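In case you want the letters, here they are:
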Amino acid sequence: MVGVVVTGAAGRMGREVVRAVSRTNGMTVVGAVDVNHVGEDAGVLAGVGPIGVVVRSDLESVLRETGAAVMVDFTAAKAAVQNIRTAIACGVRPVVGTTGIPAEELAELSRLCREQGVGGLVAPNFAIGAVLMMHFAGIAARYLPAAEIIELHHNQKLDAPSGTALKTAEIIAANRTNEAVEDRTELEKLSGARGGSLEGIRIHSVRLPGFIAHQEVIFGGLGQTLTIRHDSISRESFMPGVIMAIKKVLELKEMVYGLDKLIFA
Ligand code: NAD
């Protein structure tokens, strides 16, 4: 039985993880950590009824007392970095969905994992469809180098652009065989109208109530466009990826970035 500690257990994604792990054979929630809803049963919060695991705020003691094998983190960037450090120090494998962690912090956490021989996984998107969208975008970029990304999320999201959009832009940039085709905008009449740019790939972030997580990658060529779109219409969409990561991280000896590394391995 794989023991899982969920950090951010009272949040939107954390509750979904508690639900998914509780319903999966071979794994169980042994600890729940959050700064909110402390003292409440994590299963009740998640809507699966009492599981006898109350939300606590002291991650290190929870990890040590429960003997957890895996920590699943969906919190916020700053908190996640601290949580991952604590997990690595306790020999607990981190599975991280929190976005907005700076690249240099990720590099440092990756170094710590290697040093301690602790496996880990950081994925900006756990939805299999989103991983495929990024993969297909990489293929399209070989033939159509001009691309823009529009990502759409709920208005409670803290970071912009999304981790998925940044990762998609990196993949497109790495796969382009020709120079990106620059547009000729000389005057941005409203600052930000052309979005942010990563290696010449424009990213536009929409934040509105009603959305969960959506992305369109639009490629343009001579007399044609190609649009690749993925929609997470419920947070359940992320759970098969999270469950797969919990199982596979047990075999890893270092930190891996991106669910694609597990799917296409
Ligand atoms: P949320 O605000 O609903 O939940 C975050 C939870 O973390 C809150 O309950 C908060 O109290 C808790 N928290 C904050 N600091 C903490 C700390 N130091 N220790 C313990 N708990 C702490 O947010 P959400 O919608 O669940 O999203 C969480 C993160 O997951 C965001 O970064 C979001 O972008 C990311 N996300 C990733 C994916 C993916 O597939 N990788 C999918 C959806 C969301």
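Rules behind the numbers
- Residues numbered from 1 in each chain as written.
- Predicted model: local features only at pLDDT ≥ 70, side-chain atom pairs only at ≥ 80, totals over all residues.
- Heavy atoms only, no water.
- Buried < 20%, exposed > 50% of the residue type's maximum accessible area, 1.4 Å probe, protein only.
- Helix = DSSP H or I, 4+ residues; strand = E, 2+ residues; numbered from the N terminus.
- Pairing = 2+ DSSP bridges.
- Axes fitted to C-alpha atoms, helices over the stretch in contact; angles between N-to-C directions.
- Parallel < 35°, antiparallel > 145°, perpendicular 65-115°, else oblique.
- Left-handed = near helix turned anticlockwise from the far one by under 90°.
- Contact = heavy atoms within 4.5 Å.
- Nonpolar A, V, L, I, M, F, W, Y, C, P; charged D, E, K, R; others polar.
- Near = heavy atom within 4 Å.
- Polar contact = N/O pair within 3.5 Å; in protein donor to acceptor, adjacent residues only side chain to side chain.
- Areas by Shrake-Rupley, 256 points an atom, 1.4 Å probe, with all protein chains shown as cover.
- Domains from an automatic or database assignment.
- Buried area = accessible area lost by both parts, 1.4 Å probe.

### Comments concerning the pairing of strand β1 (residues 2-7)
For β1, the buried fraction is high: six of the six residues fall into the buried class. Because side chains alternate across β1, one face comprises the buried residues Val2, Val4 and Val6, and the other comprises Gly3, Val5 and Thr7, equally buried. As defined by bridge partners, β1 adjoins strand β2 (residues 27-33) across six bridges and the pair is classed as parallel. In the strand pairing of β2, valine 5 is matched with glycine 31.

### What about unusual backbone geometry?
Across the junction of alanine 160 and proline 161, the peptide omega takes the value 0 degrees, indicating a cis bond. Notably, histidine 37 is not glycine yet its phi reads approximately 60 degrees, a positive angle. Among the structural elements, histidine 37 can be located in the loop between β2 and α2 (42-46). At glutamate 199, a residue that is not glycine, the phi angle is positive and equals roughly 50 degrees. Within the secondary structure, glutamate 199 is located in the loop between β8 (196-198) and β9 (201-207).

### Brief notes about the packing of helix α6 (residues 128-143) against helix α7 (residues 163-175)
Running from N to C, α6 and α7 cross one another at 30 degrees; their axes reach a closest spacing of 8 Å. Classified by the angle their axes make, α6 and α7 are roughly parallel. Where α6 crosses over α7, the handedness of that crossing is right-handed. Note on element contacts: α7 touches α6 through Thr164, Lys167, Thr168, Ile171, Ile172 and Asn175, opposite Met133, Met134, Ala137, Gly138, Ala141 and Arg142. Grouping the amino acids of the contact of α6 with α7 by side-chain chemistry returns six nonpolar, four polar and two charged.

### Topic: the site of the ligand
The local shell around the ligand holds 21 residues, among which Arg12, Met13, Asp34, Thr99 and Phe126 are the closest. One nitrogen or oxygen atom from the main chain of glycine 97 is found 3.0 Å from a nitrogen atom belonging to the ligand. Lysine 157 places a polar side-chain atom, nitrogen or oxygen, 3.0 Å from an oxygen atom of the ligand. Protein contact buries 79% of the 860 Å² of open area that the ligand shows by itself. A per-class count over the shell around the ligand returns nine nonpolar, eight polar and four charged.

### Considerations on the domain arrangement of the protein
Put simply, an interface is often sized by how much accessible area is lost when its parts join up. Splitting the protein by domain gives domain 1 (2-122 + 236-263) and domain 2 (128-233). At the junction of the two partners, domain 1 supplies 14 residues and domain 2 supplies 11 residues. Roughly 900 Å² is buried in total at the junction of domain 1 and domain 2, and carbon and sulfur atoms are behind 64% of that figure. Area buried by domain 1 at its contact with domain 2 is led by Arg12, Thr99 and Tyr257, which between them contribute 39% of it.

### Examining the side chain of lysine 157
As for its position among the elements, lysine 157 is in the loop between β7 (146-153) and α7. A polar side-chain atom of lysine 157 sits 3.0 Å from a polar atom in the side chain of aspartate 159.

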